[in-house]
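# Structural description and commentary
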Amino acid sequence: MTNAAQSASVPLPPPDATNKQICCEYCPVGCGYRVYSWPVGTQGGNAADENALGVEYPASALSGRWISENMHTVVDIDGRDHNVVIIPDADIQAVNIGGEHSIRGGALAKKLYTGSGPTADRLRTPYLRVRGDLVPISWEMASDLVADLGRHVIDNYGELAWGMKVYSYQFFQNTFAATKLAFASVGTPNYSPHHAPAEGDDTPGLSDAGIDAFGAAYEDFSEADVLFIAGSDPYETKTIAFTKWMVEGGADIIFVDPRRTYTASHALANGGMHLQLKPGTDTALYSAIVREIIDNGWEDRDFIDRYTASRAELDAEGGWRRQLFGRTFDELREYLFSRDEFTPDGAAAITGVPADQIREAARRLSGGGAGERPKVAVAFEKGVYWSHNYENTAAVANLGVVLGSTGRPGRSVGRMGGHQRGGQSAAGYPKDKSPHDYLGNKVEMDTERWLVEGNTRFRWVVGQNWLGAMGATQALREATEQLLSVGPQVTSTDPDIAFDQLKARIDAGGMVLVHQETYHNESTALADIILPAGAWGEDDYVRNNAERRMRLYQKIMDPPGDAKPDWQIFAMVAKKMGYDGFDWEDTNEIFEEAAPRSAGSRKDWLALVEFAQAEGRRTHDVLLDFGTTGIQTPIKLEDGQLVGTPRLHADLTFKSDSGKANFVFADWDEVAKRNDILGPADGEMWVLNGRVNELWNNLSDFTRRKIADDRWPMNWLEIHPDDAAAMGIESGDLVSIESDNVLDQVGRTVTGSFTAVAYVSDIVPPGVTFTYFMFPGSPANSVVSGDTTLQPINLRYNFKLGKGRVRKIGTTGLAETMSFAPRNLALGP
């Protein structure tokens, strides 16, 4: 029998189908799902006792029990074809309650490897580049080369010449294994995450305020009276957090973004506000709102007096950033009132947000002194910290602190999250070895600058489109190609010959590139050695979502061909390099070993392991007891029971030496100087970038997913109707975006360009465009600066401040097949 509410091609799982749990692969929300698998040739029936879901069919599409075509696939499990259905868990008690899901998660089944479907091009064997072509080799040869070349670089050029660039978001077991190799064994600072040129804190201003970036619970969004949302459209990028927790709570939404996105339209249609600021002016806007609050005496005086640091306490701080930038309330007030830029009129001139809107935002956030102070949740993302990193995160922290928005139900300030949280280091980052500093204080190594300068002889990239994800993409690619062209090229699959030729390149000042990946991408196209990796659903893993909710992601199937889980690859190479401690049997063993390293952090799961060991059980099995609802970290043991932590700072103790919150100096002069460098020159427009609802990250799954490919067959550029008319551009035209004023990783002025289909829409204001940030073949980050010396406090790119000249270069034919309808329409009450 089949689900009568859908295509007859989708079978129902029978009562004896294997039933496992997993969570979504994509956005930071991490919705819970059930996975049903059973051999092809059998299926369940419509009656509740005839199917594994125990549901009477046909079922409503809104019931949380309806199986769509995109929730079903057929894969090989243990050598036999199996049906697999991945459906939202309608019984979950958190996150996606009732089985809600995004369009991304609703097609998770299509992610799984099938030998004859769109995912058939998964990497299944190691490769070596020989005479320019990739040829299959054995794991024995591949791991020998990676280990021996790495050992040669470390022994002859030092650990700073051995580099690794690894996803920060993946699973605790894999990131622990990677850092055990890079930090605990090699001891290199030449290590950076997928999204940045340097390791370190993405929100340093907030951290210097003593506030954890992921301290909030989703309940805080529902319980807040006012939501201040900046730097990301949560409907597009964190869908269920928006629809389930923000909208259903009924809060007054103040949305900050240069674009009039769906969330902006929803806020306006429901009595909220859209502060449509000019790109790069967040610091001025947030500071002006804080000043207006203080000017009217609307600050949370009780919180400030009891829970913020004095000058003596700031002077006693051990960290150099807090000593340099920490401020008391009186010092912050003195600074804000000394600058005309932070008056409502002054900020309006800078930001483009009318002065009356700044005043009204301050009134709504504070309550304007009338009655009980509103509960305010301040939620921000990449548009804030990927433009002016330190200053913006400091200014938004000041807003949260002046409102007392932390640690209590409905009161928070922090990130919404860009992805789920699976990073756990096995050892401390060796910052003392970094060649980079700020005013004599060591900062994490800019690994891309170090590479372009010719200092990296061996780079191991894991799980990302590295080149497309970095600023000045095309210039970085050209520098990488140059390093890979030094000396002899490999001409033989003989292991000794291949090693000698790659070693000769290293010794001649070149670099060897290893890429560990699931699919080919723009970065694997340059790699010398490719290692095929397992993925989501191909081993048992653990990670947190953006509210620190920890769940077990159960294995569905084996990786295809000879592909291996990442942790196994790291362990194989590490042992061949002579390092001890990599003899794990499975991911549970790694998870248990990693627990002491998590102690005291927002991820702390040590109590979970201790409880499991006392019970004589595997920690994975104990975590499985919590189902897809999971448990929020830090985990504690109280009266013999495991207890989660809904929100951090609930005792109003903060992550500073004094235990108090700090105000932080957000230097507008530095922002203004940077804007002068980064801003559009004559004939250029701002080129902003980000995600949209139907796609995720570098599209490794979504270019292989019909529902996504039909909607977005190529990258696009949103352009305002007035700008389009002046340039003779219509929706569906092919446009070029070019800049000859991009700074590369070493500060040189270079060119960058990409092409896209024009999408004429008033979602963007005049003078501003928007594009997808990681569309294959359309490197939007080529028109973004790659020079981190512009932000020396914390080495991050200004990803959200690209620029370029736009011109029509042809047509695409997509005007007939791709929708260019408005994407920002919203209904009121």
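About the cut-offs
- In this convention, every chain numbers its residues from 1, walking through the sequence in written order.
- Given that the model is predicted, a residue must reach a pLDDT of at least 70 before its local features are reported, and side-chain atom pairs must reach 80 or more before they are shown or counted; all residues, however, enter totals for whole chains, interfaces and linings.
- By convention in this description, side-chain values take in all heavy atoms of the structure and omit both hydrogens and water.
- Think of it this way: any DSSP run of H or I at least four residues long counts as a helix, any run of E at least two long counts as a strand, and we number them from the N terminus.
- What the globule rule says is 2.2 Å times the number of residues to the power 0.38, and the radius of gyration is computed from C-alpha atoms.
- A 1.4 Å probe rolled over the protein chains alone gives each residue an accessible area, and that area as a share of the maximum for its type sets the label: buried under 20%, exposed over 50%, partly exposed in between.
- Whether two residues touch is decided by their heavy atoms; if any such pair falls within 4.5 Å, the residues are in contact.
- Each accessible area is a Shrake-Rupley estimate made with a 1.4 Å probe; only the visible protein chains count as cover when residues are assessed.
- We define a salt bridge as a contact between a side-chain nitrogen of Lys or Arg and a carboxyl oxygen of Asp or Glu at a distance within 4 Å.
- Polar contact criterion, stated in full: a pair of N or O atoms within 3.5 Å, where within protein one must be able to donate a hydrogen and the other to accept it, and residues adjacent in sequence count only if both atoms are side-chain atoms.
- Take the residue count of a helix, subtract one, and multiply by 1.5 Å to get its expected span.

### Examining the overall build of the protein chain
Of the regular secondary structure elements, the protein chain holds 27 helices and 31 strands. For the protein chain, whose C-alpha radius of gyration is 26 Å, the value lies close to the compact-globule estimate of 28 Å for 829 residues. Taken along the three principal axes of its C-alpha coordinates, the protein chain extends 70 × 70 × 65 Å. In the protein chain, which comprises 829 residues, the proportion classed as buried is 64%. In the protein chain, once contacts between residues fewer than 6 apart in sequence are set aside, the share between residues at least 24 apart is 75%. Summed over its atoms, the accessible surface of the protein chain is roughly 27,300 Å², and 47% of this surface lies on carbon and sulfur atoms.

### Digging into the pattern of salt bridges
This structure, assessed with the given rule, holds 61 salt bridges. For Glu-341, the salt bridge goes to Arg-339, with nearest N and O atoms at 3.0 Å. The class of Arg-339 is buried, set by a relative accessible area of 14%. Several salt bridges share partner residues, and in doing so they unite Asp-202, Glu-381, Lys-382, Arg-415 and Arg-796 into one network.

### What about the environment of Thr-628?
Relative to the assigned elements, Thr-628 resides in the loop between α24 (619-624) and β22 (631-632). Separated by 349 residues in sequence, Thr-628 and Pro-279 place their C-alpha atoms 39 Å apart. A distance of 2.8 Å separates the side chain of Thr-628 from the side chain of Asp-89, its partner in a polar contact.

### Here's the deal with helix α19 (residues 473-484)
Taking 1.5 Å per residue as the helical rise, α19 with its 12 residues ought to reach 16 Å, and the 16 Å between its terminal C-alpha atoms agrees with that figure. Residues of α19 that are buried include every one of Thr-473, Ala-475, Leu-476, Ala-479, Thr-480, Leu-483 and Leu-484, and no others. Of the surrounding elements, those touching the buried residues of α19 are α17 (447-452), α18 (466-469), α20 (495-507), β18 (512-517) and β29 (749-760).

The quantities given are spatial measurements derived from coordinates; they are silent on function.
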